Every structure is written in C-alpha cells, then in structure tokens.
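So the chains spell out like this:
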Amino acid sequence: MLIAKRATFFIFSLCLFFVSGANGASKEKQYLLQKIAQAPQLETADDQWLLLLEQPGNSQFYYLANKRGKIYQLEQDSPDNTTLLLDLQHFSTKESALQLTAFTLHPNFSLRDQAGYGTFYTAHVEKVINNRKRKRLKDPAVTTPLSYDAIVTEWQLNVTKQVDESSQREVLRIAVPTLESGIRQLNFNSYSKSWHEDFAQLYISLSHNLELQQHPLYSGAILRIHPQRKGIKSYSVPHDNPYYANEKFEKALYLFGAGNINQFIWPDRYATKLLISHQYSVNGIVRHWISYSDGGEDWRKQAPRNFLYQNQNTLAANSLLVYRGQNAPTLRNKLLLLTKNKKEWQLNSLSHEISPEIALENNQSSNQQKALSAPTIEWLLKQQALQANHLTLYRDNRGELLFFNEDTGAIYQLFQQDISLAVKESQQSGFSGLTFLFILMLLLLLGYILYQMKTQQKSAKAFVRREFSNLVLTEDKLSIKLFKRHEKKAEKVIALADINQCQVLLGDLVIATINTTMGHGFDEEHEQALRDIFHIEQIAKMTDGKVRRINLALHTESKKRHIICLYLRKGSDRITKKGYFTVVDEAIDWCWLIAKNINSEQTGTRSFKPKFTADIARTEHKTHDDTPLHTQASIIRPATRLHSVVDDIEPEKVAEVTISEKSNDEITLVDKHDATAIELARVETDLVNALEKLVKLQQQGFLTIDEFEQAKAKLYHFK
C-alpha cells in the first residue's frame, strides 16, 4: 500500500510537471455568500444589535441581543423565526435609564446535568435612582460622583427553554460615572475544559473614562472572577489573579491601563495569553493596537511591550477572530480583522503564525516602535448584501465565518470557490504527439494503481483497520477509551459528558438512536426490539461475499462522529475476535450506559438483564443431522417409486427429516417478550435448514432436478 501511494505521488507530480510546462492555466480565489437567516431590521438607534451567538449543540438557532435590553432567539428555517427570550426593561423602573452592553453563555450551557446548564449572563448599565445601600465595586480614591452602575446578572432557562424569571441573580455591580462607561464584553475561555483549573472563569472588560483614567478600574481594565455563588458572596475571585494579594488594587483586576478595549480573544487553544484589540494613547497619539497580555500588566505609564500590530488609524477593527473552519481554506489559521476604509468594508488578515514569543522577538528587533507587517487585504467586500453602516464578523460552533448585516438583519455564511481559467488554444497546440502518448501512458498506470488501492480499501480487514474496533470505560467511569485493531493503547478518549448521540448500526442501517430529544432514550422495550432484530439477522444464511457488520456511532458536542466496529463477518470468515452474541450483549449494555448519561429522563430502569434469544438460535444452528445421505434420500424418495416422489412425501415426514431435532426441554420466554417474533424466527430457521438439506441431497446425486423441484414445492406448501 505504501509503495503504491509513493508511486502514485511520483506519477502525479511528473504529470503536473509536463502539463505545467505547456499549460499556463492559473487559478483565482473567489468568496461566495450564502444567506442562512434573517433577523428583524432596526427601527431606532436604541435597537442597535450588540452581538450574535449560535446556540451550542443546535446549529439552527441563534441568540441576538440589542442595546435596549432585548434578547431574541432566532430560528434559521422558520418563517416567523424570531421569539423574544428576555426583556430587561421588565426588570427595571421607568426612571432608570437602562442599556444592555454584553451577553454570553456559560461553557456548560448545553450540557444537561452539569453545573451551568441553561445558564447565561448579561451586563447592563442603569442609573442609580435611590439611596439604597448596595455593595458596589469602586475605586475608593475616586471623588467624582458615580451615578451609574454596570451590573452583571445571571439567568437560567427552564425545562421549556424559556427564561426562569425567578433565577435572576445579581453577580457583580460596578460603580461607573456615565451611561457609556459600562462593561464592553463578557466571555469565557472556550478552550478551557472542565478538568482545568481556570474552567468557567468569567472575563469582564470595562470601558475606560478619560477623566478617571489614572484610576486602575476606569483606565480600560479586564477583570476575572468565578461567577458562581460562594456562601453569602455572589461571586469569588480566583487565587491566581495577578493582584489577589496586592492591597493597592482591586483583587478582581486582571490587567488595566489598556485604554478603550474593543475586544479580547484567546488566539490559540494552548495559549494562556489574551489578544486584545484596543485604542491606546502614547504621547497623546491614539493608535489602534493588537497586544498580548498574560495578566498583571499596568499600561497606564508604559506601553505594551508584547504587541502584534499597531496602526495610526484610530478606527479599531470591528471584529477580531482566528478562523478554524473548512469553507475557506486560504483563510484557515489566520487572524482576521474586519475594517472599514471610507465607505467600503474589507477583510484583512495577519500572520499565519500567531505566536506571542515570535511577536515579542519581532518587536524587540524593531525597537518596539515599528508595527509588525501590515495586515494583508484578503477580500474587498463589494457585494451589495454587505453594504451597511454596521457590519460584524462572527464564528459559529463549527468555526465557520458569519457576516451579520445589522442594518438589514441578514446573516450570511462565507464560502470559497476555486475557479480554473481556461487553457488557451495556442498553448494546447504546443503538445507534440510523443508528449501526449507519454502522458497517456502515465495516466493509465496511475488509474491502475488507484484501482488497486481502491480495491484494497474496500476489503473487510481494511474497513476494521480504518475504524475503531473496541471501546472501554475508564476506571472513573467518566470517559470512554477507543482502541484501534490490535492496539493496547487507547487512540482516543471521549468524556461521557461530551457525547450527545449514540447510534447502533446493522450494516449501513441505523436500528437504534439515543440522544437528548424526546422519545430517544432507552428502556426494556427498546432492548427487546433490538434483540429481535439481531436474532432475525443471525439466523439469515451467510453466503459468500455477504457482510454482517455491527457498529456503534458516537456523536460528540464538537460535531465529530466516531465509528466503532464491534463485529464484522464476511461469508464464513469472521474478522473481529468476539462472537456475535457477546457483541450484541455489549452493544445493548453501552446503549443503557449512554442513555442514562445523556437522556436519563427518557431512560427506564433496567430491572433485569433479559435472556437473549441466543439460546434458541444456537439450538437452531446446531450441527446438521449426521444421518447418512442415502438414508435421508430414501425417506424422501422410496426406491420403488422414484418418479412419483412428490405424491409419496408426507409433510410430516419432510418436516421430521429437514428440521433439526429440537430439545425436549421447553424454552420458556421471559414475561412481556414478543413471542410472535420468536416463533416467526423459528419458522424461518426451519425453512432455511430444510432447503439446505434438499440442496445437499441434489448435489450428491440422490435427487434429480425434477424431484428436487417437486420436493421444494411441497416444502413451501407445507410451510
């Protein structure tokens, strides 16, 4: 296989060399837009959209929030596709000026039975209209009246996925001087997992105030907290916060002095640093910076030393993200910025390698005053659909790019298409007959190699090698280890909490599906139905070339599908190690385990482990009758009446010879089992065994073709 691949690569490269020598065909990239949803259009400036979030675990729904304090749920395919999820105005007095500024979902938002399930957070600014004493976070050195509060609130959805108003809980309240000095962004590190120490830590960016910028809290700061209630406290501060033990500063501070923070992201799943887009002033000159922060920085007097980019244009990037999707290959792993040049939007990108260490070395080599290489213009957005005053760029759960035209409410997904230019006739005429013959021979050889590779890939053993062949529950019973064929070390480990669907496949047919939706749990009725299907499949005759395969398909939250081939047999050759009945029992055990974990409400109690029809099947598939063929033929065809065999065959005699001897012990079925399905399976088995007997007698010459056909017709009539 390896030699074939190398030969294929060599031949393909050689063909490309000859073709490229005579063909100057070129390619150009083109980006396409596909409209996937429509949000309500803006009516007033107060309705300005803040952000767009795709609902985790469901790519058909989005959450939209506007400045007026309304959060909508948007469905992709429904005509009346927008429903109001939350209106903060209902929780505020008429005298209080309220403005929503940020919105985010808990990392466990879609994980049932986990802390944070159905939980989200909002940040809004409201005017203080009474003198009631509240616990407000503020800088004690500030003497200016702080007439507004920036408030972080926790909400939860009920079982109908509507907001439970009784779940409203104030997490944090920060005193701010103006309505515009609120919280700009709430976010959790999406790369942090539940077993990490920094899991579910909420990062909060607070706008800076020009008059109070000498005070850390109002100089453009990012705070970090645990939003969960701890005792009588509505939140707690991580002990590894950089100012936790510093009495001069508020211990919730992560960094400050950043100026006007536009956005912060985590550029890489293994990076601990934040990448911050902000407008920062140096010597009275405001520039757009993209800087790294590892926490603990004070940029009030000293500019960031570790920055990726700075520009004299004071207009910050409207959107900042790292693209990890598949639809636009040329943009993959690039840091993208959406900016507006005069009246035209453009999509820019920075270096492919986004490394803080490389950025620091480059900055030091350039005397820390020159910006790194300017962004590359990837795409000028000239489409009429993207001509808007407010256009934002987002990333969905699969990492693909979404453009949100806030003026029209249209949401578009980006795709890339490569278009090959036609080869000029003048270049085609340069091919000589010898060159054409040489290329034709290479293509034929390439086709033969590809055919051989494809044939090998279709073999049963190759199928088992490609997929996982075994799965084992870890000792803590929280994860599943997946193994390749003949491997003792797990190839992959999946947390049970990450699984959202399990399917049982018989061949290519899905015979059972377990997921989080209504009616897709598991109980004893589902188990018996599965066992009946497996029993009917088991008694079917395995002819040469027929494949019998049992697979488990595990779907995870990251939209990945893992196939485990538990059983594979081709004809009389069993590829996998375990027997059919053992695999059936194990597959059903996994169904019970996974159903209990992902859909416990729809999963019944397993009061007993039912007896599988394997006992019956083994009895039906025991060794064939050892009676000599001469004796069996004489029963069917008496020596004195060879030509009237059909008239002499009594149905009871045929059944006595052709049906395998039954055990005298009666098989007692478990209560509530489907006796009809078992009886049907027995009849089918009897018929198959009887036909096998007749075929064997005819092949050995004990029955003529006419006698065989007449006996078979009698057998069908009797059945």
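Placed above this text is the structure.
What you are looking at is a predicted structure, and each value in this text was computed from that prediction instead of being measured.

Cut-offs and rules
- Residues numbered from 1 in each chain as written.
- Predicted model: local features only at pLDDT ≥ 70, side-chain atom pairs only at ≥ 80, totals over all residues.
- Heavy atoms only, no water.
- Axes fitted to C-alpha atoms, helices over the stretch in contact; angles between N-to-C directions.
- Helix = DSSP H or I, 4+ residues; strand = E, 2+ residues; numbered from the N terminus.
- Parallel < 35°, antiparallel > 145°, perpendicular 65-115°, else oblique.
- Left-handed = near helix turned anticlockwise from the far one by under 90°.
- Contact = heavy atoms within 4.5 Å.
- Salt bridge = Lys/Arg side-chain N within 4 Å of Asp/Glu carboxyl O.
- Buried < 20%, exposed > 50% of the residue type's maximum accessible area, 1.4 Å probe, protein only.
- Pairing = 2+ DSSP bridges.
- Patch = residues over 30% accessible without salt bridge, like charges linked within 9 Å, V, L, I, M, F, W, Y side chains within 5 Å.
- Areas by Shrake-Rupley, 256 points an atom, 1.4 Å probe, with all protein chains shown as cover.
- Lys, Arg positive; Asp, Glu negative; His and termini not counted.
- Charge placed at Lys NZ, Arg CZ, Asp CG, Glu CD.
- Expected span 1.5 Å × (residues − 1).
- Phe/Tyr/Trp six-rings, centres within 6.5 Å; stacked < 30°, edge-to-face > 60°.

1. Considering the packing of helix α6 (residues 524–539) against helix α7 (residues 580–598)
When two helices pack together, their arrangement is given by the angle between their axes and by how far apart the axes lie. Contact geometry for α6 and α7: axes closest at 11 Å, N-to-C directions at 155 degrees. Comparing the axis directions of α6 and α7 gives the class roughly antiparallel. Note on packing geometry: the crossing formed by α6 with α7 is right-handed. Across the interface between the two elements, E524, E527, L530, R531, F534, E537 and Q538 of α6 pack against Y580, F581, V584, D585, I588, C591 and W592 of α7.

2. Description of the pattern of salt bridges
The final tally for this structure, using the stated rule, is 20 salt bridges. Across the pair R398 and E54 runs a salt bridge whose closest N-O atoms are separated by 3.4 Å. Here E54 lies in strand β2 (residues 49–54) and R398 lies in the loop between β22 (391–395) and β23 (401–405), a separation of 344 residues in the sequence. For R398, a relative accessible area of 34% translates into the label partly exposed. According to the relative accessible area criterion, E54 is buried, its value standing at 7%. A salt bridge links D294 to K273; its shortest N-O distance comes to 3.8 Å. Here the residue D294 occupies a position in the loop between β16 (285–293) and β17 (307–311), and K273 occupies one in the loop between β14 (260–265) and β15 (274–282), the gap between them amounting to 21 residues.

3. Notes on the sheet that holds β17
A sheet is described by the order of its strands in space; here four strands give the open sequence β14-β15-β16-β17, paired in antiparallel fashion. With one partner strand each, in any of the chains shown, β14 and β17 form the two edges of the open sheet. Adjacent strand axes in the sheet meet at a mean angle of 20 degrees, parallel and antiparallel pairs treated alike. Bridge count for β15 against β16 is nine bridges, and the pairing is antiparallel. Residue pairing for β16: Y280 is matched across the bridge by R287.

4. Notes on a positive patch on the surface
Where like charges cluster on the molecular surface, the positive patch consists of K135, K230, K233 and K251. Considering the arrangement of structural elements, one finds K135 in the loop between β7 (119–127) and β8 (148–156).

5. Digging into unusual backbone geometry
In this structure, K161 is a non-glycine residue whose phi angle is positive, near 65 degrees. Structurally, the position occupied by K161 is in the loop between β8 and β9 (169–176). Positive phi values are uncommon outside glycine, yet K477 reaches one of about 60 degrees. Within the secondary structure, K477 sits in the loop between β25 (470–473) and β26 (479–483). In this structure K477 comes out as exposed when scored by relative accessible area, which is 59%.

6. Things to note about the pairing of strand β6 (residues 98–105)
Taking burial as the measure, the eight residues of β6 include seven buried ones, the bulk of the element. Sheet topology places β6 next to β7; seven bridges connect them, and they run antiparallel. Its bridge partner lying in β7, L98 is registered against E126.

7. Re α7
For α7, spanning 19 residues, the distance from its first C-alpha to its last is 27 Å, which sits close to the expected 27 Å at 1.5 Å a residue. Restricting attention to buried positions, one finds in α7 the residues Y580, F581, V583, V584, A587, I588, W590, C591, W592, I594, A595 and I598.

8. Observations concerning the sheet that holds β9
Read across the sheet, four strands follow the order β6-β7-β8-β9 without closing on themselves; strand pairing throughout is antiparallel. Strand pairing shows two members of the sheet lacking a second neighbour, β6 and β9, which therefore form its edges. The sheet shows a mean angle of 20 degrees between the axes of neighbouring strands, direction not considered.

9. Considering the packing of aromatic side chains
Counted by the stated rule, this structure contains 22 aromatic pairs. Ring plane angle 45 degrees and centroid distance 5.4 Å describe the contact between Y31 and W379, whose orientation is recorded as tilted. Of the two residues, Y31 is situated in strand β1 (residues 27–38) and W379 in strand β21 (residues 376–381); the sequence distance between them amounts to 348 residues. On the numbers, 5.9 Å between centres and 75 degrees between planes, the contact of W379 with F403 is edge-to-face. Within this pair, whereas W379 is found in strand β21, its partner F403 is found in strand β23, the two being separated by 24 residues in sequence.

10. Observations regarding the pairing of β7
Of all the nine residues making up β7, eight are buried; the element is thus mostly covered by neighbouring parts of the structure. Pairing of β7 with β8, which is carried by nine bridges, proceeds in the antiparallel orientation. Across the sheet, residue F120 finds its bridge partner in β8, namely W155.

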